Amino acid sequence: MAPTIEKTQVGIVGGGPAGLMLSHLLSQQGIENIVIEKRDHETIANTHRAGILETGAVKMLTETGVDSRVKTRGYEHEGIDLRFNGESHRINFKELIDATVWLYPQNDVFVDLAAARERDGGDVRFSCNVTEVLDHLTDTPKIRYTDAEGGEHEIHCDILVGADGSQSTCRRSIPKEDRSENFIEYPFAWFGILTEAPPSAPELIYANSPHGFALISQRNDEVQRMYFQCDPEENVDDWDEERIWAELQRRVDGPDGFQLKRGPIFEKVVLKFRSYVGEPMRYGNMFLAGDAAHTVPPTGAKGLNLAFADVQVLFDALKAHFIDGNSEGLDGYSDKALKRVWKAQNFSYWMTQMLHTRKDATPFETKRALGELNTVVSSKYGQSYLAESYTGWPHEN
Ligand code: DHB
């Protein structure tokens, strides 16, 4: 059977937070769009992601009317603790640069955006598998997809957006000779847990120790999220609760006697990661946003925040294009977005290498890393550099 054919102004591949935020912003300006997403709502809602939103990400949710749960169920944090040599050093964002972040799970951002799209009559099609994107270099790029019942469809659009995550079909549709790939792998991964326990500390703790990195994060008063650096090939089944708690505790041990508050562990996962940037973020009339174009290691939780920053730049450009007939923004999109992407790549890489330990590290390297941490915490300027990057540079920059 011939595929059904529909037309829209912006065809968005990917209904995660980036795709839905773009769709939401476009619809508010009366710009038609259709979102195609491979997974179902339930799967995305239950895929645990990082838990920190930058000031700018919260501002986007607030200004577009999707903030009710962030503000009532999220927690505003005014700083973090950097812990090394068994001592905690508070980086007070509020005092240093008058900025904060919000602890709010990124999968809940998806739930909120999906609800807002449904409330506003948005066209978001879950469980639809994109088989091909084509005709990027023409005025009518196309998305071919199969719906959950096996029906075949084609969407003809003016602009196509690939917000389809790190395994992006859109990115792969760009001929190899027309894109460059920049990446590094890391010799470690994160072991993540969710536990039913009260918070161990008022704010997040990023800990460096001779046994490796640990991050003591939170979800709410009853559930906590924690991670510790592990081997990328680690098997979660080899870790019972006792072993996990002992490993986490020894990474935060110190003369202050700090103790983690323990509880039953109900999720265990090994998260592999790498740093990746595909350039440029445009191919003809197709534009990439978020993880489809770049991924960062998790230290510092930049992934979704960076995706939202892309979406802001892309939305401004699309608005100028469709409403004012001015395409300068679209022409400048890739360069503008990449400027921030590389800043965030640098920050995520810096935090990662500063806080993690390598198995083959020489005493020189270990002591140098402590020198680096001491440089940061002992100076108002060092602390402010971290604070600025962590809370996120203004979207205009
Ligand atoms: C969380 C994850 C991160 O990567 C981070 O830097 C901070 C918090 C989290 O899942 O809570």
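Residues numbered from 1 in each chain as written. Predicted model: local features only at pLDDT ≥ 70, side-chain atom pairs only at ≥ 80, totals over all residues. Heavy atoms only, no water.

## Topic: the site of the ligand
Among the 16 residues in the neighbourhood of the ligand, the closest are listed as Tyr-206, Ser-217, Arg-219, Tyr-227 and Pro-298. Within the contact set of the ligand, an oxygen atom lies 2.9 Å away from a backbone nitrogen or oxygen of Gly-300. For the ligand, the protein covers 99% of the area, taking 290 Å² as the surface of the free molecule. Across the shell around the ligand, the residue classes tally to nine nonpolar, four polar and three charged. (Near = heavy atom within 4 Å. Polar contact = N/O pair within 3.5 Å; in protein donor to acceptor, adjacent residues only side chain to side chain. Areas by Shrake-Rupley, 256 points an atom, 1.4 Å probe, with all protein chains shown as cover. Nonpolar A, V, L, I, M, F, W, Y, C, P; charged D, E, K, R; others polar.)

## Regarding the UniProt feature "domain: FAD-binding" (unreviewed entry) in the protein
Those places that UniProt annotates as "domain: FAD-binding" (unreviewed entry) correspond, in this numbering, to residues 7–347. Between the C-alpha atoms that bound residues 7–347 the distance is 41 Å, and the span itself is 32% helix and 30% strand. (UniProt positions renumbered as here; feature names shortened; annotations may be inferred. Helix = DSSP H or I, 4+ residues; strand = E, 2+ residues; numbered from the N terminus.)

## Focus: the sheet that holds strand E5 (residues 79–84)
Sheet architecture is open: seven strands sit in the order E6-E5-E14-E15-E16-E13-E17, paired in mixed fashion. The open sheet is flanked by strand E6 (87–92) and strand E17 (265–271), the only strands paired with a single partner. Each neighbouring strand pair of the sheet contributes to a mean axis angle of 15°, computed without reference to strand direction. Looking at chain direction, strand E13 (residues 189–196) and strand E16 (residues 223–230) are connected through eight bridges and run antiparallel. Bridge assignment links Trp-190 to a residue of E16, and that residue is Gln-229. Packed onto the sheet, helix H8 (residues 241–252) meets E5, E13, strand E14 (205–207), strand E15 (214–216), E16 and E17 and runs at close to 75° relative to E16. The strands that helix H11 (residues 363–377) touches are E5 and E6; relative to E5, the one it contacts most, it runs at about 145°. (Pairing = 2+ DSSP bridges. Axes fitted to C-alpha atoms, helices over the stretch in contact; angles between N-to-C directions. Contact = heavy atoms within 4.5 Å.)

## Examining the packing of aromatic side chains
Describing an aromatic ring pair means giving the distance of the ring centres and the angle of the ring planes. Following the criterion strictly, the structure yields 16 aromatic pairs and no others. Consider the rings of Tyr-186 and Phe-188, whose centres lie 5.9 Å apart with planes at 35°: the pair is tilted. Taken as a pair, Tyr-186 and Phe-188 share a single burial class, namely buried. Measuring from ring centre to ring centre gives 6.3 Å for Tyr-206 and Phe-213, while their planes differ by 40°; the resulting arrangement is tilted. We note that Tyr-206, like Phe-213, is buried. Aromatic rings pair up to connect Phe-93, Tyr-186, Phe-188, Trp-190, Tyr-206, Phe-213, Tyr-227, Phe-273 and Tyr-390 into one cluster. Note that Arg-243 overlies the ring of Trp-239, its terminal NZ or CZ placed 3.6 Å from the centroid. Directly above the aromatic system of Tyr-390 lies the positively charged group of Lys-302, at a separation of 5.9 Å from the ring centroid. (Phe/Tyr/Trp six-rings, centres within 6.5 Å; stacked < 30°, edge-to-face > 60°. Buried < 20%, exposed > 50% of the residue type's maximum accessible area, 1.4 Å probe, protein only. Lys NZ or Arg CZ within 6 Å of the ring centre and 35° of its normal.)

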